[in-house]
Amino acid sequence: AVYIVAHELAHNTLVTEWKPQMSSLLHRYTSNLHSEAIADVVAAVAIVHSGLATAKQTCEHISQLWCARTPMGYTTSSSATHPGPNMRGDWLCLTLQDLGYAI
């Protein structure tokens, strides 16, 4: 529940000026996913810095939350605003590693 609240509060980043550094941080995500991606990253970093969980624990938990079994041939729409099944956790974990967290 803490992750979801932190994620939703992190959407407040949308009222700030988008910095080029954010795009380089979110290089795995297409631009239509940046709003959700930055909210995921801010929430995960906040949890780690709060001491509630390690980066590895946070990564594992979020990956489990967004784990999905999809039918053969399933694709995510290119206009989607949320990362597709399994991508959300995978990309977030890789982004945390990019930030120097041990996963």
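Residues numbered from 1 in each chain as written. Predicted model: local features only at pLDDT ≥ 70, side-chain atom pairs only at ≥ 80, totals over all residues. Heavy atoms only, no water.

**Q** Could you give me a rundown of the packing of helix α3 (residues 34–50) against helix α4 (residues 55–65), with the residues and numbers involved?
**A** Packing of α3 against α4 brings their axes to within 9 Å, and their N-to-C directions diverge by 140°. With respect to their mutual orientation, α3 and α4 come out oblique. Like other packed secondary-structure pairs, α3 and α4 cross with a definite hand, here right-handed. Where α3 abuts α4, its residues A44, I47 and V48 lie against A55, T58 and I62. Here the residues of the contact of α3 with α4 sort into five nonpolar, one polar and no charged. (Axes fitted to C-alpha atoms, helices over the stretch in contact; angles between N-to-C directions. Helix = DSSP H or I, 4+ residues; strand = E, 2+ residues; numbered from the N terminus. Parallel < 35°, antiparallel > 145°, perpendicular 65-115°, else oblique. Left-handed = near helix turned anticlockwise from the far one by under 90°. Contact = heavy atoms within 4.5 Å. Nonpolar A, V, L, I, M, F, W, Y, C, P; charged D, E, K, R; others polar.)

**Q** Pulling in residues and values, what's your account of the state of the cysteines?
**A** The tally for this structure, following the rule as stated, stands at one disulfide. Disulfide pairing places C59 opposite C93 at an S-S distance of 1.7 Å. In this structure, the disulfide formed by C59 and C93 twists by about 115° around the S-S bond and is classed as right-handed. With C59 in helix α4 and C93 in helix α5 (residues 87–98), this residue pair connects regions lying 34 residues apart in the sequence. The exposure class assigned to C59 is buried, which follows from its relative accessible area of 6%. Relative accessible area serves as the criterion here: at 10%, C93 is assigned to the buried category. For C67, which is in no disulfide, the shortest distance to another cysteine sulfur is to C93 and amounts to 12 Å. Note on C67: relative accessible area 52%, which makes it exposed. (Disulfide = S-S within 2.5 Å. Buried < 20%, exposed > 50% of the residue type's maximum accessible area, 1.4 Å probe, protein only.)

**Q** Mind laying out the packing of helix α1 (residues 2–10) against α3, listing which residues take part and the relevant values?
**A** When two helices pack together, their arrangement is given by the angle between the helix axes and the distance between those axes. The contact between α1 and α3 brings their axes to 8 Å, and the two run at 130°. Taken together, the axes of α1 and α3 are oblique relative to one another. Remark: the crossing between α1 and α3 carries right-handed chirality. Listed contacts from α3 to V2, Y3, A6, H7 and A10 of α1 are E36, A39, D40, V42, A43 and I47.

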